[in-house]
Amino acid sequence: KLKTRAFMGIRALLGEHHSFMDDGESFFWVLFWICIHYNGPNEERYVQRFDKWNYADAEELAGMKLGIVADEVIFRKILDEYVTEYYKILIPWLNRLRRVVFPSGGTWKK
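Residues numbered from 1 in each chain as written. Predicted model: local features only at pLDDT ≥ 70, side-chain atom pairs only at ≥ 80, totals over all residues. Heavy atoms only, no water.

1. Comments concerning the overall build of the protein chain
Now for step 1: Counting secondary structure elements, the protein chain contains 6 helices and 0 strands.
Now for step 2: Along its sequence from the N terminus, the protein chain presents helices and strands in the succession α-α-α-α-α-α.
Now for step 3: For the protein chain, the C-alpha radius of gyration of 13 Å lies close to 13 Å, the compact-globule estimate for 110 residues.
Now for step 4: Projecting the C-alpha coordinates of the protein chain onto the three principal axes gives extents of approximately 35 × 30 × 20 Å.
Now for step 5: The buried share of the protein chain, reckoned over its 110 residues, is 40%.
Now for step 6: Pairs at least 24 residues apart make up 61% of the contacts formed inside the protein chain by residues separated by at least 6 positions.
Now for step 7: The average position of the 16 basic charges and that of the 15 acidic charges among the side chains of the protein chain differ by 3 Å. (Helix = DSSP H or I, 4+ residues; strand = E, 2+ residues; numbered from the N terminus. Rg over C-alpha atoms; globule rule 2.2 N^0.38 Å. Buried < 20%, exposed > 50% of the residue type's maximum accessible area, 1.4 Å probe, protein only. Contact = heavy atoms within 4.5 Å. Lys, Arg positive; Asp, Glu negative; His and termini not counted. Charge placed at Lys NZ, Arg CZ, Asp CG, Glu CD.)

2. Examining unusual backbone geometry
Now for step 1: With a phi close to 60°, Asn42 is a non-glycine residue in the positive phi region.
Now for step 2: For Asn42, a relative accessible area of 80% puts it in the exposed group.

3. Comments concerning the packing of aromatic side chains
Think of a pair of aromatic rings as described by two things: how far the centres are apart, and how the planes are tilted against each other in angle.
Now for step 1: Across all of its chains, the model carries 15 aromatic pairs by this definition.
Now for step 2: Measuring from ring centre to ring centre gives 5.1 Å for Phe50 and Tyr82, while their planes differ by 85°; the resulting arrangement is edge-to-face. With Phe50 in helix H3 (residues 48-51) and Tyr82 in helix H5 (residues 72-82), this pair connects stretches of sequence that are 32 residues apart.
Now for step 3: With relative accessibility at 16%, the residue Tyr82 sits in the buried group. (Phe/Tyr/Trp six-rings, centres within 6.5 Å; stacked < 30°, edge-to-face > 60°.)

4. Things to note about the UniProt feature "domain: Fungal-type protein kinase" (unreviewed entry) in the protein chain
Now for step 1: The positions UniProt marks with the feature "domain: Fungal-type protein kinase" (unreviewed entry) are residues 4-35.
Now for step 2: Split by type, residues 4-35 is 62% helix and 0% strand. Its first and last C-alpha atoms lie 16 Å apart. (UniProt positions renumbered as here; feature names shortened; annotations may be inferred.)

5. Here's the deal with the confidence of the model for the protein chain
Now for step 1: When pLDDT is averaged along the protein chain, the result is 90; 95% of the residues meet or exceed 70.
Now for step 2: Considering each helix and strand of the protein chain separately, the mean pLDDT is smallest for helix H1 (residues 10-13), with a value of 90, and largest for H5, with 96. (pLDDT = per-residue confidence, 0-100.)

6. Examining the packing of helix H2 (residues 20-37) against helix H6 (residues 91-101)
Now for step 1: Relative to each other, H2 and H6 sit at 155°, their axes nearing to 10 Å. For the element pair H2 / H6, the angle class is roughly antiparallel. The way H2 lies across H6 gives a crossing that is left-handed. Taken together, the residues of H6 that come into contact with H2 (itself represented by Gly24, Glu25, Phe27, Phe28, Leu31, Phe32 and Cys35) are Leu94, Leu97, Arg98 and Val101. (Axes fitted to C-alpha atoms, helices over the stretch in contact; angles between N-to-C directions. Parallel < 35°, antiparallel > 145°, perpendicular 65-115°, else oblique. Left-handed = near helix turned anticlockwise from the far one by under 90°.)

What follows is the structure, encoded as structure tokens:
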């Protein structure tokens, strides 16, 4: 069963005041999830590394997410390894969105 915690923004997971940017980050995580867990319409797959996101506590999950997006080289490596063939075309766009949502490799400050 899918839980929404996997789609929550890092700041929200840490209990910080909600901002419209948290909604943008949630969109980023939904798109990230789809590209990894689906190989086209109705072709779902299980990926243990990211399934853990549904069960991790909030602080642990925030750290896992930050570790994925903080560095472009690491992020691209993860995308190359986990994004399904169907969604590979979106990899450059996911990275561009990452740069907007996580300026300087971290969460928005203001």
